[in-house]
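# Understanding the architecture of this molecule
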Amino acid sequence: MTTTTIVNRRSVQIFRVMLSGIFLVASSSHLLKLERTLQRIEQASFKGIAYFFGEPRVMVIASGIVMLLAGISLLIGFRTRWAAAILLAVLIPITLTIQVGQITTLGPLFKNIAIMGGLVFFILNDFDKPQKTYHEKDFL
């Protein structure tokens, strides 16, 4: 048996737009403040994670481009589920590299965890497809 939770469509749109903002800002930081971002990686306790994925300069530029494109997609509601999955895939290694290991500043770590929760919401709920509403009379 499945249950249905009714959610106001406008609230989902607002959530999607607000969530996309962090990725648009982060992508501009990755692309326009490349050296600063690379310094943060070098100072991170778990910078080895970044190196695991490749040369950090290339990874920062690539993640900036991916966050920009997927962030725009999330913003406008195009392929929302895919955009959220891609953003989650980018956010996990960033969080592990930069936020984990900085025990004195747990706020940014939990901010990223909350953002991941928002992305999971859009991954699990497909808002791109029109939903068919069934009524009891449809089954009689």
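Note that residues are indexed from 1 along each chain, following the sequence as it is written. A pLDDT threshold of at least 70 governs which residues receive local features in this predicted model, and a stricter bar of 80 or more applies before side-chain atom pairs are shown or counted, although totals over entire chains, interfaces and linings include all residues. Excluding hydrogens and water, the side-chain figures rest on all heavy atoms present in the structure.

## Thoughts on the environment of Val-90
- Secondary structure counts use DSSP, requiring at least four H or I residues in a row for a helix and at least two E residues in a row for a strand, with both numbered from the N terminus. Looking at the element boundaries, Val-90 is found in helix α5 (residues 80-99).
- Any two residues having at least one pair of non-hydrogen atoms within 4.5 Å are treated as being in contact. Discounting chain neighbours no more than four positions away, the residues touching Val-90 are Ser-63, Val-66 and Met-67.

## Looking at the packing of aromatic side chains
- Between rings of Phe, Tyr and Trp, where Trp is taken as its six-membered ring, a pair exists when centres lie within 6.5 Å; planes separated by under 30 degrees are stacked, by over 60 edge-to-face, and by other angles tilted. Enumeration over the complete set of coordinates arrives at four aromatic pairs.
- Between the aromatic rings of Phe-15 and Phe-121, the centroid separation amounts to 5.4 Å while the plane-to-plane angle is 50°, which identifies the pairing as tilted. With Phe-15 in helix α1 (residues 9-32) and Phe-121 in helix α6 (residues 106-124), the pair connects residues that are 106 residues apart, well separated along the chain.
- On the basis of relative accessibility, which here comes to 27%, the residue Phe-121 falls in the partly exposed class. Relative accessibility thresholds used throughout: buried, under 20% of the residue-type maximum; exposed, over 50%; partly exposed, between the two (1.4 Å probe, protein chains only).

## Examining the nonpolar core
- Among the nonpolar cores identified, the biggest contains 16 residues, and Leu-19, Phe-23, Leu-74, Leu-87, Leu-91, Ile-115 and Leu-119 are the most heavily contacted of them.
- Residue assignment for this core shows that the elements contributing at least two residues are α1, α4 (56-76), α5 and α6.
- The element best represented in this core is α5, accounting for six residues.
- Nonpolar core, defined: a set of buried Ala, Val, Leu, Ile, Met, Phe, Trp, Tyr and Cys residues in which side-chain atoms within 4.5 Å join the residues together. Leu-38, Ala-44, Ala-50 and Ile-98 belong to the second-largest nonpolar core, a separate cluster that totals seven residues.

## A short note on the pattern of salt bridges
- What counts as a salt bridge is simple: a side-chain nitrogen of Lys or Arg found within 4 Å of a carboxyl oxygen of Asp or Glu. Counting across every chain of the model gives two salt bridges.
- Among the ionic pairs, Glu-35 bridges to Arg-57, the shortest N-O distance being 2.7 Å. Separated by 22 residues along the polypeptide, Glu-35 in helix α2 (residues 34-43) and Arg-57 in helix α4 bring together distant segments of the chain.
- Arg-57 sits in the partly exposed class, given a relative accessible area of 34%.
- Of the charged contacts in the structure, one is a salt bridge between Glu-42 and Lys-47, with a shortest N-O distance of 3.4 Å.

## Quick look at the confidence of the model for the protein chain
- The predictor attaches a confidence to each residue, called pLDDT, with possible values from 0 through 100. Mean pLDDT for the protein chain: 88, with 89% of residues reaching 70 or above.
- Averaged pLDDT values over the elements of the protein chain bottom out at 87 in helix α3 (residues 47-53) and peak at 96 in α4.

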